[in-house]
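# A structural walkthrough
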Amino acid sequence: MLKPAGCFTINFMQLNLCPKCESENIVKSGIVKDRQRYLCKNCKYFFTVNKLGKHIDTYYVIKALQLYLEGLSYREIERILGISHVTVMNWVKQHKIKAPSTNEYRPSYKIMNHTELVEHLKKKENLTRTGMLITELGDKFMVIRWERFKK
Ligand SMILES: [Zn+2]
């Protein structure tokens, strides 16, 4: 089951938590192919993420605008992408994006590895009556899902 929105307060891009066990007990453990590697001291899991430098890639601009259009709040976008809500607000202004005022979708998030993602997509019921956005996060994937709420 996907976690309901709001339960997921993890900012993976800023790496406060281990993507496997969600422990905060992580340490930097070298650079691998231009990516910072971390070690979780709790479960001994190694993971890497793309370094988010001063220059923010267009990838994140588009991702942030997508999330905004899908009805996520600035704070949620900040949490997911690790980009300050002020920056996201500026992008929205700059690109003249206007989200519909009534949005019946509610997002939920889940982090999966590639195998889990493939298994998830194999099941047709996971793809019906729902919108989905898959974003690469380090060596894992984040699946954001929107289900239409019945009134
Ligand atoms: Zn861990």
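Every chain is numbered independently, its residues counted from 1 as its sequence is written. Per-residue local features of the predicted model are confined to residues with pLDDT of at least 70, and side-chain atom pairs are confined, for both listing and counting, to 80 or more; whole-chain, interface and lining totals are unaffected and use all residues.

## Looking at the overall build of the chain
Cut-off, in case you're wondering: Think of it this way: any DSSP run of H or I at least four residues long counts as a helix, any run of E at least two long counts as a strand, and we number them from the N terminus. Neighbour counting defines burial: a residue surrounded by 20 or more other C-beta atoms within 10 Å of its own C-beta is buried, one with 12 or fewer is exposed, and intermediate counts give partly exposed, using backbone-placed C-beta atoms.
Across its full length, the chain holds four helices and seven strands. In the chain, the order of α-helices and β-strands from amino to carboxyl end is β-β-β-β-α-α-α-β-α-β-β. Relative to its full complement of 151 residues, the chain shows a buried share of 17%.

## Some words on unusual backbone geometry
The backbone of lysine 44 shows a phi angle near 60°, a positive value even though the residue is not glycine. Among the structural elements, lysine 44 can be located in the loop between β3 (35–40) and β4 (46–50). Of note in this structure, lysine 96 is not a glycine but carries a positive phi near 50°. Along the polypeptide, lysine 96 turns up in the loop between α3 (85–94) and β5 (105–112). Judged by C-beta crowding, with 6 C-beta atoms within 10 Å, lysine 96 ranks as exposed.

## Some words on the pairing of β3
Short version of the rule: When DSSP finds two or more bridges between a pair of strands, those strands are recorded as paired.
Inspection of the sheet shows strand β2 (residues 26–32) paired to β3 by five bridges, in the antiparallel sense. Within β3, the residue paired with lysine 28 across the bridge is tyrosine 38. Linking β2 to β3, which pair antiparallel, is a turn of two residues; within it lysine 33 sits at a positive phi near 50°.

## Thoughts on the packing of helix α1 (residues 58–69) against α3
Packed helices, taken two at a time, are described by the angle between their axes plus the distance between the axes. The line we're drawing: In this analysis an axis means a line fitted to C-alpha atoms, helices contributing only their contacting stretch, and an angle means the value between N-to-C directions, from 0 to 180 degrees. Angles below 35 degrees are treated as roughly parallel, those above 145 as roughly antiparallel, those between 65 and 115 as roughly perpendicular, and all remaining angles as oblique. Two residues form a contact once the distance between their C-beta atoms, set from the backbone, is within 7 Å. Side-chain classes are defined by residue name, with Ala, Val, Leu, Ile, Met, Phe, Trp, Tyr, Cys and Pro counting as nonpolar, Asp, Glu, Lys and Arg as charged, and the others, Gly among them, as polar.
Two elements in contact, α1 and α3, have axes separated by 10 Å at closest approach and are oriented at 85°. Judged on the interaxial angle alone, α3 and α1 are roughly perpendicular. Contact residues: α1 offers Val61, Ala64, Leu65 and Tyr68, while α3 offers Val88, Trp91 and Val92. Its residues assigned to classes, the contact of α1 with α3 shows seven nonpolar, no polar and no charged.

## Quick notes on α1
Each α-helix winds once per 3.6 residues, and so residues spaced three or four apart point in a common direction. The line we're drawing: Working rule for helices: expected span equals 1.5 Å times residues minus one. Note: the arc covers the axis-to-C-beta directions of the helix.
For α1, with twelve residues, the first-to-last C-alpha span of 16 Å sits near the 16 Å given by 1.5 Å per residue. Looking at α1, one finds that the buried residues are Ala64, Leu67 and Tyr68. Looking down the long axis of α1, one finds its buried residues gathered within 100° of arc, a one-sided arrangement. Seen from the open side of α1, the exposed residues pointing more than 90 degrees away from its buried face are Thr58, Tyr59 and Ile62. At its buried positions, α1 is contacted by α2 (74–81) and α3.

## Examining the environment of histidine 95
Counting through the fold element by element, histidine 95 comes out in the loop between α3 and β5. Sequence-wise, histidine 95 and leucine 65 are 30 residues apart; in three dimensions their C-alpha atoms are separated by 8.8 Å.

## Some words on the confidence of the model for the chain
Stated precisely, the cut-off is as follows: Per-residue confidence from the predictor is reported as pLDDT, a score between 0 and 100.
Looking at the chain, pLDDT values average 76 and 77% of them are 70 or higher. Mean pLDDT in the chain bottoms out at strand β1 (residues 3–4), which sits at 37, and peaks at helix α4 (residues 114–122), which reaches 94.

## Overview of the environment of valine 27
Position of valine 27 relative to the elements: it lies in strand β2. Among the residues examined, valine 27 registers 8 C-beta atoms within 10 Å and is labelled exposed. On a C-alpha basis, the gap between valine 27 and lysine 41 in space is 7.3 Å, while along the polypeptide they are 14 residues apart. The residues touching valine 27, leaving out its near neighbours within four places in the chain, are Tyr38, Leu39 and Lys41.

## Comments concerning the nonpolar core
The condition is simple: Only buried Ala, Val, Leu, Ile, Met, Phe, Trp, Tyr and Cys residues enter a nonpolar core, and they are joined through C-beta atoms within 7 Å.
Counting residues in each nonpolar core, the largest one holds nine residues, listed as Ala64, Leu67, Tyr68, Leu72, Ile77, Ile80, Leu81, Ile83 and Val88. For this core, the elements supplying multiple residues, two or more each, are α1 and α2. Alanine 64 has contacts with Ile77, Leu81, Ile83, Val88 and Trp91, leaving out every residue within four places of it along the chain.

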